[in-house]
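Residues per chain, in single letters:
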Amino acid sequence: MPVDVLAIAAHPDDVELTCGGTLHKLKKRGYKFGIVDLTRGEMGTRGSPEIRAREAKRAADILGAEFREALDLGDGGLRRGREEELAIIDVIRREKPRIVFTPYPDDRHPDHRRAGQIVTDACYYAGTRKIETSHPAHRPQQAIYFSTFISHPPQFLVDVSDVIDIRRAAMRAFESQFHKEGSTEPETVLAQRNFLDLIEARAREYGALINVEFAEGFLSSRPPRIDDLVKAFEGNEPGF
Ligand SMILES: [Zn+2]
C-alpha cells in the first residue's frame, strides 16, 4: 500500500520534534504516511538503539504512521555514497509518496545536513527510469524541509493547534532522550529541563505569525499553491 507522505530524517525523534503535528493532521484528513529513520541513533549519549527503537515505534503509533523503519546508514557520520542513495531511492519507489519531509540541508548537525542532501537527491533520482532498483521509477511531487537546531525562517506554516496534544505525546515517547528527574544518564542539549519548552516555544512563535496557537514551519524549493488568499491571511491585522 503506497503512502501519500514519507518523512525521512537522520535520527529517531527528528520527525517528532519538527513535523509530528503536520503528519498527524494529514492523517486526520485521510492521508497515509510513513516514517524512515536513516540511522538507529546508536551514537546518542543517552539510551541505546534498542530503547530508541521501542520509543520510535511508540511515537509512530501515537502519530498514526502506517509504518516506521530504520536504515542503518551510520549515526554520527551518516554515509551518503551511491549505495546509500540507492537504498533511499528504493524506499521512495516502494512507498510512492507524493510529499517527502526531510531536514533542511543546512543544519548544525552534520547528520541532518547529510540526510537533507541525500534525500533531496534521492527524490529526484527515484524518478529516473534508467536507475534500476527493485521497484519501478517514482518521483515525489516535492521535498519539504523542516529545521532542527538552527531555525531557518519558514516559507510556509501549518496550523497544528488542534493536534498539539498528539504532537506532545509523540515527543514524550522518547523518554530516554529528554529530562527525567533523578536520571543518572549524561546531560545533553535534548535532556535539559527546558528543551521541550523551547521546541514548543518555536511552535507558539510560528503560530503567532498566522494567528493560531501553534504552527510548524517549512521550506521548499518551490512555493505551495494557495487556493484562497483571503482565507490564508484571515485574522491578520494590517501593518504587522
Ligand atoms: Zn537528529
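Computed from a prediction, not measured in an experiment: that's the story for all the values here.

A. How the structure looks around the state of the cysteines. Per the counting criterion, the structure on display carries 0 disulfides. Here cysteine 19 stays free of any disulfide, with the sulfur of cysteine 123 as its closest cysteine sulfur at 13 Å.

B. Highlighting the side chain of glutamate 84. Tracing the sequence through the fold places glutamate 84 in helix α3 (residues 82-95). The exposure class of glutamate 84 is buried, given its relative accessible area of 11%. With residues near it in sequence (within four places) discarded, glutamate 84 still touches Leu73, Arg79 and Ile118.

C. Examining the coordination of the zinc ion more closely. Distances from the zinc ion to its protein donors, namely His11 (ND1), Asp14 (OD), Asp14 (OD) and His112 (NE2), fall within the range 2.0 to 2.8 Å. Considering all 4 donor atoms around the zinc ion, the spread of angles at the metal, 51 to 121 degrees, places the coordination shape in the irregular class. In the primary sequence, the donor residues of the zinc ion line up as H-x2-D-x97-H. With aspartate 14 in the loop between β1 (5-9) and α1 (16-28) and histidine 112 in helix α4 (residues 110-125), the pair connects residues that are 98 residues apart, well separated along the chain.

D. Representation of the nonpolar core. Ranked by internal contacts, the top residues of the largest apolar core, which has 27 residues, are Val15, Cys19, Leu23, Phe33, Ile35, Phe101 and Phe218. Contributing elements (two or more residues each) for this core: β1, α1, β2 (33-37), α2 (49-63), β4 (99-103), β5 (142-146), α5 (164-172) and α6 (195-209). Among the elements that make up this core, the one with the highest residue count is α2 (4 residues). Every residue in contact with cysteine 19, bar those within four places of it in the chain, is listed here: Phe101, Phe146, Glu216 and Phe218. Judged by nonpolar contacts, the second largest core, of 25 residues, contains Ala10, Val36, Leu73 and Val91.

E. Focus on the sheet that holds β5. Across the sheet, 7 strands lie side by side as β3-β2-β1-β4-β5-β7-β6; this open sheet has mixed pairing. Here the strands that pair on one side only, and so sit at the sheet edges, are β3 (67-70) and β6 (156-159). Within this sheet the neighbouring strands show an average axis-to-axis angle of 25 degrees, counted without direction. Relative to β4, β1 runs parallel, the two being bridged by 3 bridges. Within β4, the residue paired with alanine 7 across the bridge is phenylalanine 101. Where α1 meets the sheet, its contacts fall on β1, β2, β3, β4, β5, β6 and β7 (215-220), and the angle it forms with β7 comes to roughly 100 degrees. Across the sheet, α6 lies against β6 and β7, angled at about 80 degrees from β7, the strand it touches most.

F. The arrangement of the packing of α2 against α5 in detail. Interhelical geometry of α2 versus α5 gives an angle of 170 degrees and a closest axis separation of 8 Å. As far as their axial angle goes, α5 and α2 are roughly antiparallel. Each of Ala59, Ile62 and Leu63 in α2 lies in contact with α5, whose residues at this interface are Ile166, Ala169 and Ala170. Classifying every residue of the contact of α2 with α5 gives 6 nonpolar, no polar and no charged.

G. Summary view of the side chain of threonine 22. Secondary-structure assignment places threonine 22 in helix α1. The exposure class of threonine 22 is buried, given its relative accessible area of 5%. A polar contact of 2.5 Å, which involves the side chain of threonine 22, links it to the side chain of glutamate 216. Sequence-distant contacts of threonine 22, that is, excluding residues within four places in its chain, are made with Phe101, Val158, Val160, Glu216 and Phe218.

H. A look at a nonpolar patch on the surface. A contiguous nonpolar surface patch, about 240 Å² in accessible area, is contributed by Phe149, Ile150 and Val189. By the secondary structure assignment, phenylalanine 149 is in the loop between β5 and β6. Residue classification places phenylalanine 149 among the partly exposed residues on the basis of a relative accessible area of 46%.

I. Representation of the packing of α5 against α6 within the structure. Orientation of α5 relative to α6, taken along the N-to-C sense of each, is 150 degrees, at an axis distance of 12 Å. Classified by the angle between their axes, α5 and α6 sit roughly antiparallel to one another. You can see that α5 and α6 cross each other, and the crossing is right-handed. From α5, Arg167, Arg168, Met171 and Arg172 reach across to α6, where they touch Leu196, Ile199, Glu200 and Ala203. The residue inventory of the contact of α5 with α6, partitioned by class, reads 4 nonpolar, no polar and 4 charged.

Criteria and cut-off values
Residue numbers here run from 1 along each chain, matching the order of that chain's written sequence. The predicted origin of the model limits local features to residues at a pLDDT of at least 70 and limits the giving and counting of side-chain atom pairs to 80 or more, whereas totals for whole chains, interfaces and linings rest on all residues. Only hydrogens and water are set aside when side-chain values are computed; all heavy atoms of the structure are taken into account. In this description, the term disulfide denotes a pair of cysteine sulfurs within 2.5 Å. A run of DSSP states H or I qualifies as a helix once it reaches four residues; a run of E qualifies as a strand once it reaches two. Both are numbered from the N-terminal end. Relative accessibility under 20% of the residue-type maximum defines a buried residue, over 50% an exposed one, and the middle range a partly exposed one, all with a 1.4 Å probe and only protein chains included. The contact criterion used is simple: two residues touch if any of their non-hydrogen atoms lie within 4.5 Å. Shown as donors are all N, O and S atoms within 2.8 Å of a metal ion, widened to 3.2 Å for Na, K and Ca; because water is not in the atom set, sites may appear incomplete. Square planar and octahedral assignments, for four and six donors respectively, both demand that opposite donors be over 155 degrees apart and that all other angles lie between 65 and 115; tetrahedral needs four donors with all angles between 85 and 135 degrees, and anything else is irregular. Among the buried residues, those of types Ala, Val, Leu, Ile, Met, Phe, Trp, Tyr and Cys that are joined through side-chain atoms within 4.5 Å form a nonpolar core. Two strands make a pair as long as DSSP finds a minimum of two bridges between them. Every angle, taken between N-to-C directions, lies between 0 and 180 degrees, and every axis is a line fitted to C-alpha atoms, over only the stretch in contact when it is a helix. The cut-offs work like this: below 35 degrees is roughly parallel, past 145 is roughly antiparallel, 65 to 115 is roughly perpendicular, and the gaps in between are oblique. Classification used: nonpolar for Ala, Val, Leu, Ile, Met, Phe, Trp, Tyr, Cys and Pro, charged for Asp, Glu, Lys and Arg, polar for all others including Gly. Within 3.5 Å is the distance limit for a polar contact, defined as a pair of N or O atoms, with the added protein rule that one can donate a hydrogen and the other accept it, and that residues adjacent in sequence qualify only through two side-chain atoms. Think of a patch as exposed residues, more than 30% relative accessible area, with no salt bridge, where like charges cluster within 9 Å and nonpolar side chains (Val, Leu, Ile, Met, Phe, Trp, Tyr) cluster within 5 Å. To measure how exposed things are, a 1.4 Å probe is used in the Shrake-Rupley method; for residues, cover is taken only from the protein chains shown. Put simply, a salt bridge is a Lys or Arg side-chain nitrogen that is within 4 Å of an Asp or Glu carboxyl oxygen. Left-handed is the label given to a crossing in which the near helix is rotated counterclockwise from the far helix by less than a right angle, and right-handed is the label when the rotation is clockwise.

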